[in-house]
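One letter stands for each residue in the lines below.
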Amino acid sequence: MTMPHSRTSLPLAAPLLLGSYQALCLNAPELWERLGALRATASPLSAWLTVVAEAGMVLGVCVMLALLLAVAGRRTLLLGGGAMVLLSAAASYYMVRFDVVIGYGIVQAVMASDQALSREKLSQGLMLWVLLLGVLPLAAWWWLCLRRRAARAGQRVRHVWPPRLLLLGGALTLALGSHAAVRHQAEQQPGGKPAVSASGLVAHRYVPTNWMSGLGMTVANRATAALRAGQLGDPAEQFSYREATPLDDLTVVLVIGETTRYDHLGLLGYGRDTTPRLSREADLVAFRAESCDTSTRLSLACMFVRPEGVETGQGLAPDQIHEDKVFSVFRELGFGIELFAMQSEVGFYHRVGPDFYKMREVIVEGADPAQPQVVDGLLLPEVDASLQRHPKGRHLIVLHKKGSHFMYSQRYPRAFARWTPECTEADGSCGREQLVNAYDNSVLYGDHVLGELLDRLRGRKALVVFTSDHGESIGDGAHFHGTPRAIAPPEQRRVPLMFWGSPALLADPVHREAFARLRQRADSNHPAAHRHLFASMLGCLSIQSPDGGVTPADNLCH
């Protein structure tokens, strides 16, 4: 009597093939590039040993994952393994074409609700890559698995667990042994023991461990944030705040840029005049600053919080936020808050707590039909309407721009295409010159939008604060942003931090003196960062906290 067993009828080679294909074939370009980079700084033998150890570590992990899927059942292996191959193939495309490091920040960005930005990165190149390296190999693997299963139908399946356990033990031994070798090789490099775990770097360097670790960290962090949401400390309740001079007729505009680097601003020394309008502003003070993280969602979580309320993540881990943002203090001081966004970071907008807000979809729906592009200039009519609703001031407007996010050429009207040729494709075929030209054109248009904003506020008592969420790698050995902060190239954290005061604001001696101190720091190249936003947004308005709610060292106007 035969006893076919559907859960054990797939050949043992199935999980071995699945793990080997992901670890060795999809990672082959990355392993080769890694070898070349190591040979530039180490001996050929040391370079080869490191790459072999890293490949062994990833292979062991991939085979273990495939075996665990097989233990869960035939369908779990076929469907789960298929999903892993397709996701790994897509991830490898961006790793090879754009030198992107897939990690927590990238996964956060992909899982963000701004689907328009995600759609812009889809291309024919990606589809062809996934077809050739994902769909076709997957179809062949499925065919092999199901063919072997059909051939074994009606046969008694004996002694399945001993070979599986043996293979699992071998994979575990390979992973642990390779891990030890990777760690040993890293410690032999100049400088001794690295600051970031060598195995953590490997996990973020190769598929599928990079996107899987990023996904795991994202899920865990979101669960933690949801549990702590009601437990965040409110600085407006923990500290007292008072106005050194009346703010009843004040309008504050906070502009959150996207992907804007300070070293591409003409007013901060860039060789191209990308900021002709802002450069003419006598009452604008600009700093070269550092972002608190490398992706939109992660930076929005930390950039408006008191530094004392942020627990910095160690290694590749994300920050833990323990306090609410500066907006709670403005609410406590009686400010109305309105928010207008060309993105869809709904979680952040909820934390701002605006009395009224519009996201991109609503703004575009009510825009002039003659405007074919979804650009940041659409925010300006919203500012006009908000100012009309609050003519007396004590009003905070938050603008979240699309800024210079890739695809750069879609961030500005054709009239601002000053530097050509531009990059207009998302498939990675553009050279660095084309990328930089399109990026600089987007910065030029951003200058125009900010100039138009300042024109609307000149007759009011107003403060404008501008910064970007993070920087960008533009063909500098890597593309885009979102690389884990501990290993991110420095350009992904280069952001401007700018303050502008209207004539009416600076007519007040208290504000004028605060701005004089601000300018003195900028002129002396004082270090600036997102960590200064909380204290400086309050301190530059001469809002004081006698019990420590505004840290003097973080107040650029102190």
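The structure under discussion appears in the preceding block.
Here is a short report on the structure shown in this document. Keep in mind that what you see is a predicted model, and the values were worked out from it rather than measured.

What counts, and where the lines are drawn
Residues numbered from 1 in each chain as written. Predicted model: local features only at pLDDT ≥ 70, side-chain atom pairs only at ≥ 80, totals over all residues. Heavy atoms only, no water. Helix = DSSP H or I, 4+ residues; strand = E, 2+ residues; numbered from the N terminus. Axes fitted to C-alpha atoms, helices over the stretch in contact; angles between N-to-C directions. Parallel < 35°, antiparallel > 145°, perpendicular 65-115°, else oblique. Contact = heavy atoms within 4.5 Å. Core = buried A, V, L, I, M, F, W, Y, C linked by side-chain atoms within 4.5 Å. Buried < 20%, exposed > 50% of the residue type's maximum accessible area, 1.4 Å probe, protein only. Disulfide = S-S within 2.5 Å. Salt bridge = Lys/Arg side-chain N within 4 Å of Asp/Glu carboxyl O.

Attention now moves to unusual backbone geometry. In the segment running from F406 into M407, the intervening peptide bond is cis, with an omega of 5°. Tracing the sequence through the fold places M407 in the loop between β8 (395-400) and α17 (432-457). Across the junction of T420 and P421, the peptide omega takes the value 0°, indicating a cis bond. By secondary structure assignment, the location of P421 is in the loop between β8 and α17. You will see that T259, though not glycine, has its phi angle at about 65°, which is positive. Structurally, T259 can be placed in the loop between β2 (250-257) and β3 (284-290). If you check the backbone angles, R394 has positive phi at about 45° while not being a glycine. You can see R394 is positioned in the loop between α16 (379-389) and β8.

Here the focus is the packing of helix α1 (residues 13-25) against helix α4 (residues 74-98). With their axes 10 Å apart at the nearest point, α1 and α4 run at an angle of 10° to one another. As far as their axial angle goes, α4 and α1 are roughly parallel. Each of A14, P15, L18, Y21 and Q22 in α1 lies in contact with α4, whose residues at this interface are L77, G81, M84, V85 and S88.

Grouped together as the largest cluster of nonpolar side chains are 74 residues, with contacts concentrated most on L399 and L453. Broken down by element, the residue count for this core peaks at twelve residues, all from α17. Look past the residues within four positions of L453 in its chain and what remains in contact with it is V253, V255, L380, V383, L399 and V464. Counting 55 residues, the second largest nonpolar core, distinct from the first, contains I256, L300, F499 and L556.

Time to look at the state of the cysteines. The tally for this structure, following the rule as stated, stands at three disulfides. A sulfur-sulfur distance of 2.2 Å marks the disulfide that ties C423 to C430. In this structure, the disulfide formed by C423 and C430 twists by about 85° around the S-S bond and is classed as right-handed. Across the pair, C430 and C423 agree in class, each one buried. Here C540 connects covalently by a disulfide to C557, the sulfurs 1.9 Å from one another. As the torsion about the S-S bond is roughly 90°, the C540-C557 disulfide counts as right-handed.

In this section: the pattern of salt bridges. Enumeration over the complete set of coordinates arrives at 25 salt bridges. Notably, a salt bridge pairs R394 with E243, separated by 2.8 Å at the nearest N-O pair. Here R394, found in the loop between α16 and β8, pairs with E243, found in strand β1 (residues 242-243); they are 151 residues apart in sequence, far enough to count as distant. Residue R394 is classed as buried on the basis of its relative accessible area of 15%. Here D319 and R485 are joined by a salt bridge, their closest N and O atoms 2.7 Å apart. Of this pair, D319 sits in the loop between β4 (310-311) and β5 (320-321) while R485 is found in the loop between β11 (479-480) and β12 (494-501), placing the two residues 166 residues apart along the sequence. On the accessibility criterion, R485 (19% relative accessible area) is buried. Beyond isolated ion pairs, a larger network of salt bridges with shared partners links R277, E281, D384, E452, D455, R456 and R458.

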